[in-house]
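Commentary on secondary and tertiary structure
The chain contents come next:
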Amino acid sequence: MTKGYWIANNLVHDSAAYKAYQKANAGPLKEYGGRFLVRAGRQMTPEGAMHPRSVIIEFPSYEDAVAC
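A few points about the environment of G34
Checked against the element boundaries, G34 lands in the loop between α1 (15-31) and β2 (35-39). In this structure the C-alpha to C-alpha distance between G34 and Y5, which are 29 residues apart in sequence, comes to 8.6 Å. With near-sequence residues (within four places) excluded, G34 lies in contact with L29, I57, E58 and F59.

Re the confidence of the model for the protein chain
For the protein chain, the average pLDDT comes to 90, and 100% of its residues sit at 70 or higher. Ranking the elements of the protein chain by mean pLDDT puts β2 last, at 91, and helix α2 (residues 62-67) first, at 96.

Brief notes about the side chain of S54
On the secondary structure map, S54 appears in strand β3 (residues 53-59). Since its relative accessible area comes to 13%, S54 is described here as buried. Only 3.1 Å separates the side chain of S54 from the side chain of N9, close enough to count as a polar contact. When sequence neighbours within four positions are dropped, the list of residues in contact with S54 reads A8, N9, V38, R39, A40 and Q43.

Observations concerning the packing of aromatic side chains
Enumeration according to the criterion identifies two aromatic pairs in this entry. Across the ring face of F36, the terminal group of R39 is positioned such that the distance to the ring centre comes to 3.6 Å.

With respect to the environment of I7
Within the secondary structure layout, I7 lies in strand β1 (residues 4-10). Sequence separation of I7 and C68 is 61 residues, and the distance between their C-alpha atoms is 13 Å. In this view, I7 contacts V55 and I56; residues no more than four positions away in its chain are not counted.

Rules used throughout
- Residues numbered from 1 in each chain as written.
- Predicted model: local features only at pLDDT ≥ 70, side-chain atom pairs only at ≥ 80, totals over all residues.
- Heavy atoms only, no water.
- Helix = DSSP H or I, 4+ residues; strand = E, 2+ residues; numbered from the N terminus.
- Contact = heavy atoms within 4.5 Å.
- pLDDT = per-residue confidence, 0-100.
- Buried < 20%, exposed > 50% of the residue type's maximum accessible area, 1.4 Å probe, protein only.
- Polar contact = N/O pair within 3.5 Å; in protein donor to acceptor, adjacent residues only side chain to side chain.
- Phe/Tyr/Trp six-rings, centres within 6.5 Å; stacked < 30°, edge-to-face > 60°.
- Lys NZ or Arg CZ within 6 Å of the ring centre and 35° of its normal.

Written out as structure tokens, the structure is:
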């Protein structure tokens, strides 16, 4: 079965609101088998522009990623 992924590149403007967002997502991510592969960290952008925070979440299947 093919795994599914969420890939996000974002900028956090309000850290308190982002913490509430993370807490709210914990249940659905667990329910659909999501697990973090990348959460922020150091990165290099050789071309173009990116926000400083990258997140990659792996799911057991594409269907689980879409359902979540």
